[in-house]
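So you can see what is in the structure, the chains are spelled out below.
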Amino acid sequence: AQQKLNPGCCSALFTNQHDRIDKAFNLFKESAQLYTLDKQYEQAANSYIKCAEIAQANNNEEDPIEFWEEAMHCYKKINNIDKYAQTANKCIHMCKQQSKFKRAGDFELAKAELYETQVTQEYHKEAIASYDKGIECYLLDKDVAHNKVMEAKIRKADLMCMNGVNGDVNAIAEVKTI
């Protein structure tokens, strides 16, 4: 697939660039699916990321967010929290650029939930920050159900109380005002 993207000089002369990119995209997509079936999630994630980058760079008709999301799922399966967060942040950024605020909020909450499963205080702080960002995204989307915002605020307040984070009284008061 990589050779299709970066052909040698002779190959570049005799093939159409658009065709090469399409072939490379399809090969990366197929390899991602095969790696996923074989439970080789790190390699699958790398292939999904290549698909996302090609789709984004070449205005491919496929949504790059879908491929970033697939990479997220792969990283979650191998418990690579940092790479999961990086790919989630790509999804969030692109969703915000496209004014898909509900979807960006969903990605923030998914990230928060994964952070919440970790035992370190640092990850719990990241979870609280992600809940805040998710709430902000939900509030920007007028079609988001009130219960999505409420759910995120309750989860944030619970996590803050569990960890004795300063401001837990304000978080609970904030939930009660809804």
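Cut-off values and rules
- Residues numbered from 1 in each chain as written.
- Predicted model: local features only at pLDDT ≥ 70, side-chain atom pairs only at ≥ 80, totals over all residues.
- Heavy atoms only, no water.
- Axes fitted to C-alpha atoms, helices over the stretch in contact; angles between N-to-C directions.
- Helix = DSSP H or I, 4+ residues; strand = E, 2+ residues; numbered from the N terminus.
- Parallel < 35°, antiparallel > 145°, perpendicular 65-115°, else oblique.
- Left-handed = near helix turned anticlockwise from the far one by under 90°.
- Contact = heavy atoms within 4.5 Å.
- Nonpolar A, V, L, I, M, F, W, Y, C, P; charged D, E, K, R; others polar.
- Salt bridge = Lys/Arg side-chain N within 4 Å of Asp/Glu carboxyl O.
- Phe/Tyr/Trp six-rings, centres within 6.5 Å; stacked < 30°, edge-to-face > 60°.
- Buried < 20%, exposed > 50% of the residue type's maximum accessible area, 1.4 Å probe, protein only.

A.B. asks: Is there a simple way to explain the packing of helix α4 (residues 41-57) against helix α5 (residues 64-77) in this structure?
C.D. replies: Any two packed helices are characterised by the angle at which their axes cross and by the distance between the axes. Where α4 meets α5, the axes come as close as 8 Å, and the angle between the chain directions of the two elements is 165°. Considering their axes alone, α4 and α5 lie roughly antiparallel with respect to each other. Taken as a pair, α4 and α5 cross one another with a handedness that is left-handed. Of the residues in α5, those in contact with Y41, E42, A44, A45, N46, Y48, I49, C51, A52, E53, A55 and Q56 of α4 are P64, F67, W68, E70, A71, C74, Y75 and K77. Within the contact of α4 with α5, the residues separate by chemical class into 14 nonpolar, 2 polar and 4 charged.

A.B. asks: Would you explain the pattern of salt bridges in this entry?
C.D. replies: Should their charged atoms come close, side chains of opposite charge can pair. A full pass over the atoms with the stated rule returns 12 salt bridges. Note that E62 is salt-bridged to K29, the shortest N-O span being 2.9 Å. Linking E62 in the loop between α4 and α5 with K29 in helix α3 (residues 17-37), this pair joins segments that are 33 residues apart in sequence. In this structure, R103 engages E69 in a salt bridge whose closest nitrogen and oxygen atoms are separated by 3.2 Å. Of this pair, R103 sits in helix α7 (residues 101-116) while E69 sits in helix α5; the two residues are 34 residues apart in sequence, bridging distant segments of the chain. Salt bridges sharing partners connect three or more residues here, namely D63, E66, E69, K100 and R103.

A.B. asks: What's the story with the packing of aromatic side chains in this structure? I'm lost.
C.D. replies: Each aromatic ring pair is summarised here by two numbers: the centre-to-centre distance and the angle between the ring planes. Under the defined criterion, the tally for this structure stands at 2 aromatic pairs. Considering the side-chain rings of F25 and F67, the 5.5 Å spacing of their centres and the 90° angle between planes classify their relative orientation as edge-to-face. In this pair, F25 sits in helix α3 while F67 sits in helix α5, placing the two residues 42 residues apart along the sequence. Residues Y115 and Y123 carry aromatic rings whose centres are separated by 5.6 Å and whose planes lie at 25° to one another, so their mutual orientation is stacked. On the basis of relative accessible area, Y115 is assigned to the buried category, the value being 8%. A relative accessible area of 21% means that Y123 is categorised as partly exposed.

A.B. asks: What is the right way to read unusual backbone geometry from this model?
C.D. replies: A positive phi angle, close to 60°, is found at K39, a residue other than glycine. Relative to the elements of secondary structure, K39 occurs in the loop between α3 and α4. Taking the relative accessible area as the measure of exposure, K39 reaches 60% and is therefore exposed. Backbone geometry at S99 places phi at a positive 60°, although glycine is not the residue there. With respect to the helices and strands, the residue S99 is situated in the loop between α6 (81-97) and α7.

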